[in-house]
Protein chains: 2
Amino acid sequence: MKSADYPEPFRALVRELRRLPGVGPRSAERMALWALEDGERSSALAEALGEARAKVRHCAECGFFSMTEVCDLCADDDRENILCVVERATDILPIERSGAFRGHYHALGGRLSPLEHIGPEDLRLEQLTSRLERHVFSEVILALSTDVEGEATSNYLTQLLASRAVRVTRLAQGVPAGGGLEHADELTLARALAGRRWAGEG
Amino acid sequence: MKSADYPEPFRALVRELRRLPGVGPRSAERMALWALEDGERSSALAEALGEARAKVRHCAECGFFSMTEVCDLCADDDRENILCVVERATDILPIERSGAFRGHYHALGGRLSPLEHIGPEDLRLEQLTSRLERHVFSEVILALSTDVEGEATSNYLTQLLASRAVRVTRLAQGVPAGGGLEHADELTLARALAGRRWAGEG
């Protein structure tokens, strides 16, 4: 009896789908099955990949996605004179959608990670300092991850910007909105306690 | 101030990625970012989609994936004379890899679902009865899902096959291997109890 396996083009598709972030072996198989069930689906996906690759680039200023050299966000003169630094271009719209910030953005394109060999030279730091030289922002908000690598990157940026006459702030850490305390880990609780505010404050 | 959004080709790619099973809005954005970070990645994925679509088909017999009319599994004469019926073509290899079954397979291509307008005519039932007419299997194992729609499909198949001189069986239901009882829901525990076996049995 022969051992069974998928045909090679199916396995190749599963391999490519597994490279997508957050996709494990079983979901990749389900996705491949889904793509093969209907030829229109996979050609639409393949076409969207090609179109996006051909037409979308990173904004030369902030690193957000754009079809032009400078994106709509950077070209918008009505925005506040505050710069919010994020790790990835996909972090920008969630902040924008929160409605709590109406300034400019700067995506680093990642964060410092010795394990993944990502050093300062791999981030969009020159673009950041160049922007700060060309334009005086009233504040730079560091909106990076709160895990070890994000914290290290925030600390690095704080030192990098220390000599500049700009106020550098970080996002508040605490318990998430709409969640019970039982879901918060000890470090989150510790930070929520350390950052507690008067009950009368906005 | 303008409201910000991704460029249209990026949103189109996110829309296509969201159609993949198990992918929500945030993961689709992460995947699109990942695809755009490196042109090689998205072209490899687009190419794999095209190759698989062009070369892989469903086996005319069992519905598994194949590059030929009849798949390797169906063409294998050394297999036992038992037929295992599953819902999807991707259910076959997990059973094969369990090492506990060495017979033939039949993928229905889905299951009965009134909510999704999937009736008996949408499943590979004619192919199943045709196979049973052409070949006498010693047993048909129904290895479908254990949720409501899977159970309904198993019941439908049991009735459909009742008039045939073939033994129809179902997979055992019970607590999963390697898991604590605290993870098993009440229905699973009830079925594990109802199906309990003498401690001495294999």
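Everything that follows concerns the structure shown earlier in this document.
Residues numbered from 1 in each chain as written. Chains lettered and ligands numbered in written order. Predicted model: local features only at pLDDT ≥ 70, side-chain atom pairs only at ≥ 80, totals over all residues. Heavy atoms only, no water.

## Concerning the environment of A107 of chain B
All names here are of chain B. Definition in use: Where helices and strands are cited, they refer to DSSP runs of H or I of at least four residues and of E of at least two residues respectively, numbered from the N terminus. In this analysis, two residues are considered to be in contact whenever any of their non-hydrogen atoms come within 4.5 Å of each other.
Considering the arrangement of structural elements, one finds A107 in strand β4 (residues 104-107). As for A107 and C59, which are separated by 48 residues in sequence, their C-alpha atoms are 9.7 Å apart. Aside from chain neighbours lying at most four places away, what touches A107 is C62, G63, V86, E87, R88, A89, I92 and R124.

## A short note on the layout of surface pockets
Convention followed: Only protein atoms enter the calculation, which uses a 1 Å grid: trapped sets of points that fit a 1.4 Å probe without letting it out are cavities, open sets showing protein on both sides within 12 Å along at least five of seven lines are pockets, and any residue with an atom within 4 Å of a point is a lining residue. Grid points are joined across faces, edges and corners, and a volume is the space filled by probe spheres set on the points. When residues are sorted by character, Ala, Val, Leu, Ile, Met, Phe, Trp, Tyr, Cys and Pro go into the nonpolar class, Asp, Glu, Lys and Arg into the charged class, and all the rest, Gly among them, into the polar class.
Of the volumes computed, that of the largest pocket is approximately 480 Å³. As for the largest pocket, its lining consists of 21 residues, and the residues nearest its centre are L33 and E37 of chain A together with R88, G109 and G110 of chain B. At four residues, the largest contribution of residues to the lining of the largest pocket is made by helix α2 (residues 25-37) of chain A. In terms of residue class, the lining of the largest pocket is made up of seven nonpolar, five polar and nine charged. Its volume calculated, the second largest pocket comes out at about 380 Å³. Forming the boundary of the second largest pocket are 19 residues, of which I95, I141, A143, L171 and A172 of chain A lie nearest the centre.

## Let's talk about the packing of helix α6 (residues 125-134) of chain B against helix α7 (residues 148-161) of chain B
Residues and elements named next belong to chain B. Worth spelling out the cut-off: Angles here are taken between N-to-C directions and fall from 0 to 180 degrees, while the axes themselves are lines fitted to C-alpha atoms, restricted in helices to the stretch in contact. By the definition used in this description, the sense in which the near helix is turned from the far one sets the handedness, with an anticlockwise turn below a right angle giving left-handed and a clockwise turn giving right-handed.
Where α6 meets α7, the closest approach of the two axes is 12 Å, and the angle between their N-to-C directions is 35°. Viewed along their axes, α6 and α7 form a crossing whose handedness is right-handed. Across the interface between the two elements, L125, L128, T129 and L132 from α6 touch Y156, L157, L160 and L161 from α7. Each residue belonging to the contact of α6 with α7 can be placed in one class, and the counts come to seven nonpolar, one polar and no charged.

## A word on the sheet that holds strand β6 (residues 167-170) of chain B
Residues and elements named next belong to chain B. Note the threshold: If DSSP finds at least two bridges between two strands, the strands pair.
Read from one edge of the open sheet, four strands run β4-β3-β5-β6, paired in parallel fashion. Strands with a single pairing partner mark the edges of an open sheet, and in this sheet they are β4 and β6. The average undirected angle you get between the axes of adjacent strands in this sheet is 25°. Bridging between strand β5 (residues 139-142) and β6 involves four bridges; their strand directions are parallel. Of the residues in β6, the one forming a bridge with V140 is V168. The strands touched by α6 are β3 (82-86), β4 and β5; relative to β4, the strand with the most contacts, the crossing angle is about 150°. Packed on one face of the sheet, α7 meets β3, β5 and β6 and runs near 170° to β6.

## Focus on the pairing of strand β5 (residues 139-142) of chain A
Residues and elements named next belong to chain A. For the record, the criterion: Remark: exposure states derive from per-residue accessible area (1.4 Å probe, protein chains only) relative to the maximum for the residue type, with buried under 20%, exposed over 50%, and partly exposed in between. Looking down the strands as they point away from the viewer, one classifies a crossover as right-handed if the path from the first strand across the helix to the second runs clockwise.
Going residue by residue along β5, you find E139 and I141 tucked away on one face and V140 and L142 tucked away on the opposite face as well. Direction of pairing for strand β3 (residues 82-86) relative to β5: parallel, over a ladder of four bridges. By the bridge assignment for β5, C84 is matched with I141. Chirality of the crossover, the property in question, places the unit of β5, helix α7 (residues 148-161) and strand β6 (residues 167-170) among those that are right-handed.

## Focus on the environment of I95 of chain A
All names here are of chain A. Tracing the backbone through its elements, the reader meets I95 in helix α5 (residues 92-98). Measuring from C-alpha to C-alpha, the distance between I95 and C84 comes to 9.3 Å, with 11 residues separating the pair along the chain. With residues near it in sequence (within four places) discarded, I95 still touches C84, V86, F101, Y105 and A143.

## Quick notes on the relation of the copies chain B and chain A
Applied cut-off: In superposing the copies, a least-squares fit is computed on C-alpha atoms, taking residues whose pLDDT is at least 70 in both.
For the match of chain B to chain A, the screw axis carries a shift of 0.0 Å, the RMSD comes to 0.0 Å, and the turn is 180°. With respect to symmetry, the two chain copies, as superposed, fit the operation of a two-fold axis. No C-alpha of chain B lies nearer the rotation axis than that of A46 of chain B, which sits 2.2 Å from it.

## Remarks on the nonpolar core
Keep this limit in mind: The nonpolar core is taken to be a set of buried Ala, Val, Leu, Ile, Met, Phe, Trp, Tyr and Cys residues, with the residues joined through side-chain atoms within 4.5 Å.
Grouped together as the largest cluster of nonpolar side chains are 79 residues, with contacts concentrated most on L13, F64 and F65 of chain A together with L13, F64 and F65 of chain B. The contacts of F64 of chain A, once residues within four sequence positions are left out, are R57, H58, C59, C71, L73, A89, I92 and L93 of chain A together with D5 and Y6 of chain B.

## Examining the pattern of salt bridges
Residue and element names in this part refer to chain A. Here is the rule we go by: Criterion for a salt bridge: a side-chain nitrogen of Lys or Arg within 4 Å of a carboxyl oxygen of Asp or Glu.
Counted under the stated rule, the structure contains 46 salt bridges over all chains. The salt bridge involving K55 is made with E51; its shortest N-O contact spans 2.8 Å. Note that K55 and E51 are positioned in helix α3 (residues 39-55) at a spacing of four residues, about one turn of the helix. Overlapping salt bridges, with partners in common, bring together D5, E8, R11 and R15 in one network.

## Some thoughts on the state of the cysteines
Going by this rule: Our working definition of a disulfide is a cysteine sulfur pair at a distance within 2.5 Å.
For the coordinates displayed, the defined rule picks out zero disulfides over all chains. In this model C74 of chain B remains outside any disulfide bridge; the closest cysteine sulfur is found in C62 of chain B, 3.6 Å from its own.

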